[in-house]
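Observations on chain architecture
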Amino acid sequence: MIHLIKLSVGTKDVAHLQAWQAERAITHAPLRHRTRNRPKRRDDILDGGSIYWVVAGFLQVRQRVIDIIDDTMEDGTACAGIVLDPLLVPVAARSVKAFQGWRYLDPEAAPPDLADHSAAPGIDGLPPALRAALREARLI
């Protein structure tokens, strides 16, 4: 099994991602993320893998990958569609540097799910050194 990690570009927070996906699930079913680069490790991903979303600089939630299908972009360009379970599962948040596209994420490197699928603990759940660095950068 292997996971994917992807920046959720343009979303302010997890609630925004959830609302955007809920709308897309209705207007462009099935719920999927389109990507020009087809994952070569398809079978490993479909063997229980998830896509982990980086929202506002923090890896915060994951979604189980249901399938990877042939798809087309709005302009007709061929692409892959990563079909997603609509459930966003909160994970122990951690900061992630920006990157382009998606990356593979080994299961050992994936953050654990929050036990009760409750909301992420927010700023209070961050390590003290990270909170201090964010205050120093005037981000909180």
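Since we're looking at a predicted model, the values are computed, not measured.

**A look at empty space enclosed by the protein**
Considering all chains together, one arrives at one cavity of 30 Å³ or more under this definition. Approximately 30 Å³ is the volume attributed to the largest cavity. Every residue along the wall of the largest cavity is listed here: R24, H28, P30, L31 and R32. For the lining of the largest cavity, the class distribution of residues is two nonpolar, one polar and two charged.

**Looking at a nonpolar patch on the surface**
On the surface, I123, L139 and I140 cluster together into a nonpolar patch covering about 290 Å² of accessible area. Residue placement: I140 occurs in the segment after α3 (128–136). For I140, a relative accessible area of 41% gives the class partly exposed.

**Regarding the layout of surface pockets**
For the largest pocket, the calculated volume is near 350 Å³. W20, R32, H33, R34 and W53 are, among the 18 residues lining the largest pocket, the residues nearest its centre. Elements represented by at least two residues in the lining of the largest pocket include exactly β1 (3–7), α1 (14–27) and β2 (32–35). Looking at the lining of the largest pocket element by element, the count peaks at four residues for α1.

**Section: the side chain of R62**
Tracing the backbone shows R62 in strand β4 (residues 58–72). Since its relative accessible area comes to 16%, R62 is described here as buried. In this structure the side chain of R62 is engaged in a polar contact, spanning 2.8 Å, whose partner is the side chain of S50. Those residues within four positions of R62 in sequence are excluded, and the remaining contacts are S50, I51, Y52, L87, L88, V89, V91 and D113.

**Here we look at the environment of V54**
Here V54 lies in strand β3 (residues 50–55). The spatial distance from the C-alpha of V54 to the C-alpha of A22 is 18 Å, given a sequence separation of 32 residues. If sequence neighbours within four positions are ignored, V54 has contacts with I5, K6, L7, S8, L59, V96 and F99.

**Focus: the environment of A25**
Structurally, the position occupied by A25 is in helix α1. Along the sequence, A25 and L134 sit 109 residues apart, while their C-alpha atoms lie 35 Å from each other.

**Some points on the nonpolar core**
Ranked by size, the top nonpolar core spans 16 residues in total, and within it W53, V65 and L84 carry the most contacts. Contributions of two or more residues to this core are made by β3, β4 and β5 (78–84). Ignoring anything within four residues of it in the chain, the contact list for L84 reads Q21, L31, R32, H33, I51, W53, Q63, R64, V65 and I66. The next biggest cluster of nonpolar side chains, apart from the first, holds nine residues, and it includes I5, V54, F99 and L105.

Definitions and cut-offs
- Residues numbered from 1 in each chain as written.
- Predicted model: local features only at pLDDT ≥ 70, side-chain atom pairs only at ≥ 80, totals over all residues.
- Heavy atoms only, no water.
- 1 Å grid on protein atoms, 1.4 Å probe; cavity = no way out; pocket = protein on both sides within 12 Å on 5 of 7 lines; lining within 4 Å.
- Points joined across faces, edges and corners; volume = space filled by probe spheres on them.
- Nonpolar A, V, L, I, M, F, W, Y, C, P; charged D, E, K, R; others polar.
- Patch = residues over 30% accessible without salt bridge, like charges linked within 9 Å, V, L, I, M, F, W, Y side chains within 5 Å.
- Areas by Shrake-Rupley, 256 points an atom, 1.4 Å probe, with all protein chains shown as cover.
- Salt bridge = Lys/Arg side-chain N within 4 Å of Asp/Glu carboxyl O.
- Helix = DSSP H or I, 4+ residues; strand = E, 2+ residues; numbered from the N terminus.
- Buried < 20%, exposed > 50% of the residue type's maximum accessible area, 1.4 Å probe, protein only.
- Polar contact = N/O pair within 3.5 Å; in protein donor to acceptor, adjacent residues only side chain to side chain.
- Contact = heavy atoms within 4.5 Å.
- Core = buried A, V, L, I, M, F, W, Y, C linked by side-chain atoms within 4.5 Å.

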